[in-house]
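# Chains, contacts and geometry: an overview
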Amino acid sequence: QVQLVESGGGLVQAGGSLRLSCAASGRAFSSVSMGWFRQAPGKEREFVAAISWSGGSTYYADSVKGRFTISRDNAKNTVYLQMNSLKPEDTAVYYCAAKYGSKWYSATSYADWGQGTQVTVSS
């Protein structure tokens, strides 16, 4: 089990950038694959990006491919989500979570969710 705390959210204009951080504590973070999800009001939580334990493999939702970049620093027990060219439809609460299941894109494979950080993109 890991404990996760997200930060870096805020209000940004369309076309702008934000970098989210997810700080982890607890079990060996460097052995756990990680993911970012988001949830907009009235919508289900959706997959955004994921990264393998080593950082060697990354996965993205089609809606963010080419705009968002996931990375990790195992020495700092932190996962990042660099978000560029933000759009109003990116507005949501963003969550990080640890992946224990087999499906990279499904929330059912993730646990130890953080509390989330709000990202608001104005048009």
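Anyway, here's the lowdown on the structure attached to this text. (Residues numbered from 1 in each chain as written. Predicted model: local features only at pLDDT ≥ 70, side-chain atom pairs only at ≥ 80, totals over all residues. Heavy atoms only, no water.)

This part covers the side chain of S33. The topology assignment puts S33 in strand β4 (residues 33-39). Overall, S33 belongs to the buried group, its relative accessible area being 10%. For S33, the side chain forms a polar contact with the main-chain nitrogen of W53, separated by 3.1 Å. Sequence-distant contacts of S33, defined by excluding residues within four places in its chain, comprise I51, S52, W53, R72, A97, A98, K99 and W104. (Helix = DSSP H or I, 4+ residues; strand = E, 2+ residues; numbered from the N terminus. Buried < 20%, exposed > 50% of the residue type's maximum accessible area, 1.4 Å probe, protein only. Polar contact = N/O pair within 3.5 Å; in protein donor to acceptor, adjacent residues only side chain to side chain. Contact = heavy atoms within 4.5 Å.)

On to the nonpolar core. Within the largest apolar cluster, 35 residues are counted, with the highest numbers of intra-cluster contacts made by M34, W36, L81, M83 and Y94. When contributions to this core are tallied by element, the ones reaching two or more residues are β1 (2-7), β3 (18-26), β4, β5 (46-51), β7 (68-73), β8 (78-83), β9 (92-99) and β11 (117-122). Those residues in contact with M83 that sit more than four places away from it in its chain are G16, S17, L18, L20, R67, F68, Y94 and V119. (Core = buried A, V, L, I, M, F, W, Y, C linked by side-chain atoms within 4.5 Å.)

Here the focus is the state of the cysteines. A complete count under the given rule lists one disulfide for this structure. The disulfide bridge from C22 ends at C96, spanning 2.0 Å between sulfur atoms. Across the disulfide from C22 to C96, rotation about the S-S bond amounts to roughly 65°, and the bridge is consequently right-handed. Taken as a pair, C22 in strand β3 and C96 in strand β9 lie far apart in primary sequence, 74 residues in all. The pair formed by C22 and C96 is uniform in burial state, with each residue classed as buried. (Disulfide = S-S within 2.5 Å.)

Attention shifts here to the environment of S17. Residue position: S17 is located in the loop between β2 (10-13) and β3. The class of S17 is partly exposed, set by a relative accessible area of 39%. When the C-alpha atoms of S17 and L86 are compared, they prove to be 6.2 Å apart, with 69 residues separating the residues in sequence. Dropping the residues within four chain positions of it, S17 is found in contact with V12, Q82, M83, N84, S85 and L86. Here the side chain of S17 touches N84 through a polar contact of 2.9 Å, side chain to side chain.

By themselves, these are just geometric observations and shouldn't be taken as functional.
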